[in-house]
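For reference, the chains in residue letters:
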Amino acid sequence: MKKLIFLLTLLCMAFPSNAATLPKGAKSEFTHVNNIRMHYVKMGKGPLLILLHGWPQTWYEWNKVMPILADKFTVVAPDLRGLGLSEKTQTGYDKQTIARDIAELIKHFGENSAFVVGHDMGGKAAYVLSLLYPELVTKLILVDCMPPGTENMDSAKGGMWHYGFHMAEDFPEMLTKNREREYISAQIRKWAHQKDAVTPRAVDEYAKHYSSPGGMTAGFNYYRALPDDAKFVSTYADRKFVMPILTIAGRYGVSDNLFKAMMPKSDKVKSVIAEESGHFVPEEAPVFLAEQILNFFGS
């Protein structure tokens with residue numbers, strides 16, 4: 001009987017009850033990096049490729065992209081600190097700390113470097129990772145995000161209103177409590193061009209994790225750290241990126257603004273636009289995005 005209970009416990013640890021449906025051939029695993037327990041999904045074989053998700057999402061935003069890449073790469077999509085099944089912490093949501101999480105994740109796989117793709121908040125983390133640990137990033141792709149310090153957070157001057165709301169202390173948690181799914185769904189529909197691309201099943205997956213204890217706070221903390229991120233990145237104002245960079249943006253997302261922001265920072269930057277996509281390129285244009293990744297990393 002004790003042996004049976006032990007085996008059942010192991011099974012529950014290996015397959016958490018709130019785990020998402022994985023792409024065929026993928027595995028859900030955990031490791032310890034930078035003093036936190038990090039969850040990631042892994043599939044494929046070949047050079048290491050890291051996919052970093054944004055808000056209000058988890059690793060699952062890459063579920064349509066990963067199978068296309070798995071023939072050429074070992075694809076790893078982690079849940080960022082505090083999000084999904086990764087450990088929630090009180091602090092550490094500045095992108096410098098998140099970058100350190102990812103640097104240690106790359107080393108966990110025994111690799112000297114990796115191809116890195118980052119979307120939204122994951123793109124900001126990938127940006128800082130490439131500044132701090134250029135030896136770990138073979139090539140970098142930034143997907144519909146803006147570099148830290150270049151965001152327009154002033155709604156009176158055409159900026160997006162949600163920056164200030166998310167950065168406020170306690171208020172966003174209070175006003176979204178018990179309405180997490182409604183809020184996440186509304187945000188996604190607002191910033192998507194293909195309104196049905198992020199499916200109800202995907203929204204359910206994201207809301208399940210963000211509505212868990214501390215989930216919304218962790219997500220909002222990524223925004224609350226943005227002023228410190230901008231200050232930190234400003235100390236590297238004269239440093240250029242050494243690795244080749246590709247920017248991919250939705251025409252109805254940040255469009256050309258990402259490429260314009262990156263041009264002064266790199267002599268090796270190229271750009272493509274997902275013409276029929278808004279902000280959520282991995283879900284609105286997964287095949288297009290996967291093709292761009294394969295072309296850029298395979299060249």
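The structure under discussion appears in the preceding block.
Remember, predicted model here, so these are calculated numbers, not experimental data. (Residues numbered from 1 in each chain as written. Predicted model: local features only at pLDDT ≥ 70, side-chain atom pairs only at ≥ 80, totals over all residues. Heavy atoms only, no water.)

1. Digging into helix α7 (residues 180-191)
Now for step 1: Taking 1.5 Å as the rise per residue, α7 with 12 residues should run 16 Å; its terminal C-alpha atoms sit 17 Å apart, in good agreement.
Now for step 2: What α7 keeps buried is the set E180, Y183, I184, S185, Q187, I188 and W191.
Now for step 3: Next to the buried residues of α7 lie α5 (162-167), α6 (171-176), α8 (200-210), α9 (215-224) and α12 (281-284). (Helix = DSSP H or I, 4+ residues; strand = E, 2+ residues; numbered from the N terminus. Expected span 1.5 Å × (residues − 1). Buried < 20%, exposed > 50% of the residue type's maximum accessible area, 1.4 Å probe, protein only. Contact = heavy atoms within 4.5 Å.)

2. A few points about the pattern of salt bridges
Now for step 1: Under the criterion given, the structure shown has 9 salt bridges.
Now for step 2: The salt bridge partner of E151 is K124, with a shortest N-O separation of 2.5 Å. Within this pair, whereas E151 is found in the loop between β6 (137-143) and α5, its partner K124 is found in helix α4 (residues 121-132), the two being separated by 27 residues in sequence.
Now for step 3: According to the relative accessible area criterion, E151 is buried, its value standing at 11%.
Now for step 4: With a relative accessible area of 5%, K124 lands in the buried category.
Now for step 5: Here R251 makes a salt bridge to D256, at a shortest N to O gap of 3.7 Å.
Now for step 6: Three or more residues joined by partner-sharing salt bridges are found here, namely R251, D256 and E275. (Salt bridge = Lys/Arg side-chain N within 4 Å of Asp/Glu carboxyl O.)

3. Side note on the packing of aromatic side chains
Now for step 1: This structure, assessed with the given rule, holds 16 aromatic pairs.
Now for step 2: Geometrically, the ring pair formed by Y93 and Y222 is edge-to-face, given 5.3 Å between the ring centres and 65° between the ring planes. One end of the pair, Y93, is in the loop between β4 (74-78) and α3 (95-108); the other, Y222, is in helix α9, and 129 residues separate them in sequence. The pair formed by Y93 and Y222 is uniform in burial state, with each residue classed as buried.
Now for step 3: Considering the side-chain rings of Y127 and F241, the 4.9 Å spacing of their centres and the 70° angle between planes classify their relative orientation as edge-to-face. You can see Y127 sitting in helix α4 and its partner F241 sitting in the loop between α10 (226-234) and β7 (245-250), a full 114 residues away along the chain. Side by side, Y127 and F241 carry an identical accessibility label, which is buried.
Now for step 4: Taken together, the ring pairs in this structure connect W55, W161, Y163, F165, Y183, Y210 and Y223 into an aromatic cluster.
Now for step 5: In this arrangement the basic side chain of K139 is found over the ring face of F296, its NZ or CZ atom lying 5.0 Å from the centre.
Now for step 6: Stacked on the ring of W191, the Lys or Arg K190 has its end atom at 5.7 Å from the ring centre. (Phe/Tyr/Trp six-rings, centres within 6.5 Å; stacked < 30°, edge-to-face > 60°. Lys NZ or Arg CZ within 6 Å of the ring centre and 35° of its normal.)

None of this, on its own, says anything about what the molecule does.
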